[in-house]
Amino acid sequence: MGITAVDGFGGNLLESGDDGYDGARSIFNAMIDRRPALIAQCESAADVRAALAHASANGLEVAIRGGGHSVAGASAIDGGIVIDMRRMNAVEVDPAAKTATVSGGATWSDFDRATQEHGLATTGGRVSSTGVAGLTLGGGSGWLEREWGLACDNLIEVELVTADGRTVTASENENSELFWALHGGSGNFGVATRLVFRLHSLPAATLALLLWPSDAAPELARTYRALMEAGAPTQLGGGVAYLTGPPEPFVPDHLQGERATGVIGVYAGTEAELREAMAPIYALDPPGGLTAEMPYADIQCAIDDPPGFRNYWSASHLASLSDDVIDLFCSQGEEMIVPSPSQHLLIPWGAAVAEQATDWPMTHRGATWVTHPFGLWDDAGDDERGKAWVRRSVAEMKPHDIGSVYLNFVADAAEDQVRASYGEENYGRLAAVKSEYDPDNVFHRHHAITPMAPA
Ligand SMILES: Cc1cc2nc3c(=O)[nH]c(=O)nc-3n(C[C@H](O)[C@H](O)[C@H](O)COP(=O)(O)OP(=O)(O)OC[C@H]3O[C@@H](n4cnc5c(N)ncnc54)[C@H](O)[C@@H]3O)c2cc1C
């Protein structure tokens with residue numbers, strides 16, 4: 001055991017040399033290898049307060065860690081203190097009120113397994129291992145967002161511990177400006193110890209993963225565009241993906257380990273409804289794939305990426321999807337590293353993502369399509385190649401994008417990209433909230449918003 005004592009801390013402390021230190025400091029992106037002075041594995045809001053007080057008294061930089069999926073490594077730090085929330089993963093469901101109350105370190109797997117028991121769900125991410133708080137406070141894009149909005153659109157209340165140890169509740173009626181900022185402003189204002197979500201009835205859910213050789217992609221993407229733009233039901237989410245054909249029984253031998261194109265369909269409803277909604281895609285006669293009604297929590301982990309890979313990714317938010325843009329997307333998919341767990345995704349937006357009564361901080365909700373080059377590889381010798389593919393893909397889309405991007409999808413956002421993502425007006429409003437709740441900029445590692453200078 002390490003030697004550091006933290007007043008009032010009831011959780012577990014880890015320092016270099018302790019059993020479990022190396023496992024606890026590692027994050028999803030294997031390219032990031034940092035050695036914190038202290039990992040404070042919190043078990044309560046009181047532990048979070050004690051760890052923050054210790055950081056302040058000892059001049060330690062602070063990183064908040066939930067699911068560890070920040071590709072930029074916001075939750076890993078050299079020398080400072082990691083406020084590790086993973087032990088705080090409780091989820092309580094109130095089926096009558098259709099709400100879920102979640103502790104600040106829960107993952108979407110914790111969340112979806114608990115809500116599914118009651119036939120309820122909300123928008124989560126596209127994999128099950130991301131943290132609920134990290135994904136939601138940054139926005140939260142997921143399969144069923146066209147029906148239910150982003151994850152943050154389903155937030156009812158957030159309890160935060162601020163840098164100076166206050167406990168603050170934010171909701172529509174209480175600290176409403178902070179509540180506004182938590183719809184995309186991420187971990188800039190404090191440590192979320194409790195989040196309350198609105199849930200939706202989900203009596204049935206269906207997954208389709210249909211596969212073709214990659215040379216089918218240009219026609220597939222055009223058919224998919226026509227389907228989604230002709231008013232596909234909002235219950236239908238998904239996208240077109242370049243991927244490596246997985247070694248699964250539903251994948252024919254000639255696609256396994258090879259560059260392939262998939263159409264993913266996730267439907268808030270039955271298999272018959274999904275098949276009807278995606279009829280033009282089935283008409284293209286996929287040589288591989290599966291279609292099955294299954295528990296939502298199983299859908300949510302169906303394409304979980306393995307940890308331990310090196311990661312670099314970004315995204316482009318598009319106003320429209322012309323033939324030229326489809327061809328660009330396809331040429332980029334042909335250059336993705338294969339075989340690897342990488343994906344190049346084309347995701348339909350709009351519907352409930354765009355139709356929000358409140359003007360939340362993120363300015364890219366008006367995008368109709370998103371391209372998302374998602375690079376994962378295991379050989380450090382591929383680092384430059386993998387990064388170059390992502391950077392080139394985004395640069396090529398630049399003439400077609402709307403100038404702002406969803407920051408949770410970006411590996412290394414510079415300050416001007418953060419500002420552009422929120423827009424100058426919203427950035428100013430976020431900076432004012434930051435000045436009120438974190439004037440000393442203790443939480444500065446993720447989509448950093450600089451507090452406004454005192455008047
Ligand atoms: C494989 C993979 C798939 C992904 N898929 C999606 C997707 O489908 N949709 C999507 O929207 N995003 C997706 N993401 C991005 C993801 O939303 C962000 O990386 C998010 O920040 C991850 O949160 P985390 O808790 O897992 O990460 P961490 O690395 O643990 O945390 C990142 C940051 O989030 C903030 N944070 C985390 N917990 C708290 C808390 N309790 N209180 C305050 N701040 C907190 C902090 O600033 C923290 O530094 C994916 C990432 C990966 C690696």
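Colleague: Even after reading the chapter, I still don't get helix α2 (residues 45-58), so can you show me in this structure?
Modeller: Since the α-helix turns once every 3.6 residues, residues separated by three or four places project in the same direction. Along its 14 residues, α2 runs 20 Å from first to last C-alpha, staying within 8% of the 20 Å computed at 1.5 Å per residue. Its buried side turned inward, α2 meets β2 (38-41), β3 (62-65), β4 (81-84), β8 (155-161) and β10 (191-198). A positive backbone phi angle near 65° is found at Gly 59, which sits one or two residues after α2.

Colleague: What is the right way to look at the site of the ligand in this model?
Modeller: Around the ligand sit 33 residues in total, of which Gly 66, Gly 68, Ser 75, Ser 141 and Tyr 406 are the nearest. Gly 104 places a main-chain nitrogen or oxygen 3.1 Å from a nitrogen atom of the ligand. Contact distances for the ligand include 3.2 Å between an oxygen atom and a side-chain N or O atom of Asn 408. Protein chains shield 98% of the accessible area of the ligand, which is 950 Å² for the free molecule. Per element, the largest residue contribution to the shell around the ligand is four residues, and it comes from helix α4 (residues 132-137). When the residues that make up the shell around the ligand are grouped by side-chain class, the tally is 13 nonpolar, 17 polar and three charged.

Colleague: Could you clarify how one ought to interpret the packing of aromatic side chains in this entry?
Modeller: Between two aromatic rings, the relevant description is the distance of the centres plus the angle of the planes. Summed over the entire model, instances satisfying the criterion amount to eight aromatic pairs. Between Trp 108 and Phe 111 the ring centres are 4.8 Å apart and the planes differ by 55°, which places this aromatic pair in the tilted class. Of the two residues, Trp 108 and Phe 111 both sit in helix α3 (residues 108-116), three residues apart, roughly one turn of that helix. In this pair, the class of Trp 108 matches that of Phe 111, namely buried. Residues Phe 111 and Phe 197 carry aromatic rings whose centres are separated by 5.2 Å and whose planes lie at 85° to one another, so their mutual orientation is edge-to-face. A residue pair is termed long-range when its members are at least 10 positions apart, and Phe 111 in helix α3 and Phe 197 in strand β10 qualify at 86 residues. For the pair Phe 111 and Phe 197, a shared accessibility class is recorded, and that class is buried.

Colleague: For this particular structure, what's the right way to read the pattern of salt bridges?
Modeller: Pairing between side chains of opposite charge can happen when their charged atoms approach one another. Going through the model one piece at a time under the given rule, you end up with 26 salt bridges. One salt bridge connects Arg 275 with Glu 271, and the closest N-O pair in it is separated by 2.9 Å. Placement of both Arg 275 and Glu 271 in helix α8 (residues 271-277) is noted, with a separation of four residues, approximately one turn of the helix. Classification of Arg 275 as partly exposed rests on a relative accessible area of 36%. Given the relative accessible area of 24%, Glu 271 is considered partly exposed. As a salt-bridge pair, Glu 335 and Arg 392 come within 2.8 Å of each other at their nearest N and O atoms.

Calculation rules
- Residues numbered from 1 in each chain as written.
- Predicted model: local features only at pLDDT ≥ 70, side-chain atom pairs only at ≥ 80, totals over all residues.
- Heavy atoms only, no water.
- Helix = DSSP H or I, 4+ residues; strand = E, 2+ residues; numbered from the N terminus.
- Expected span 1.5 Å × (residues − 1).
- Contact = heavy atoms within 4.5 Å.
- Near = heavy atom within 4 Å.
- Polar contact = N/O pair within 3.5 Å; in protein donor to acceptor, adjacent residues only side chain to side chain.
- Areas by Shrake-Rupley, 256 points an atom, 1.4 Å probe, with all protein chains shown as cover.
- Nonpolar A, V, L, I, M, F, W, Y, C, P; charged D, E, K, R; others polar.
- Phe/Tyr/Trp six-rings, centres within 6.5 Å; stacked < 30°, edge-to-face > 60°.
- Buried < 20%, exposed > 50% of the residue type's maximum accessible area, 1.4 Å probe, protein only.
- Salt bridge = Lys/Arg side-chain N within 4 Å of Asp/Glu carboxyl O.

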